[in-house]
Amino acid sequence: MTIDVPETEIVTTHRVACDGGEGALGHPRVWLFVPDETGYVDCGYCDKRYILKGSVADDGSA
């Protein structure tokens, strides 16, 4: 059994909103902040990872 990697998105701002993306099947909209120290933030509802472009977490693959 393999576990799928959570969805990731490269963003250009520190403040991002996540609502699960699937309309009525998503989750309540939450605002997240990407800290400079890590370069990414994970949504507590859906585990989607937001990576700040050009940060230490951005490996340039996207």
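Bear in mind that the values here come from a model prediction, so they are computed numbers and not experimental data. (Residues numbered from 1 in each chain as written. Predicted model: local features only at pLDDT ≥ 70, side-chain atom pairs only at ≥ 80, totals over all residues. Heavy atoms only, no water.)

Side note on the sheet that holds strand β1 (residues 8-11)
Taken together, three strands build an open sheet; the order of strands is β1-β5-β4 and the sheet is mixed. Every other strand in the sheet has two partners, leaving β1 and β4 (40-42) as the edge strands with one partner each. Sheet twist, expressed as the average angle between the axes of neighbouring strands with direction ignored, equals 20°. Of the strand pairs in this sheet, β4 and strand β5 (residues 49-52) are connected by three bridges, and their pairing is antiparallel. Following the sheet pairing, aspartate 42 is matched in β5 by arginine 49. (Pairing = 2+ DSSP bridges. Helix = DSSP H or I, 4+ residues; strand = E, 2+ residues; numbered from the N terminus. Axes fitted to C-alpha atoms, helices over the stretch in contact; angles between N-to-C directions.)

A closer look at the environment of cysteine 18
In this structure, cysteine 18 sits in strand β2 (residues 15-18). Sequence separation of cysteine 18 and proline 28 is ten residues, and the distance between their C-alpha atoms is 8.1 Å. Sequence-distant contacts of cysteine 18, defined by excluding residues within four places in its chain, comprise His27, Pro28, Arg29, Val30, Leu32, Cys43, Cys46 and Tyr50. (Contact = heavy atoms within 4.5 Å.)

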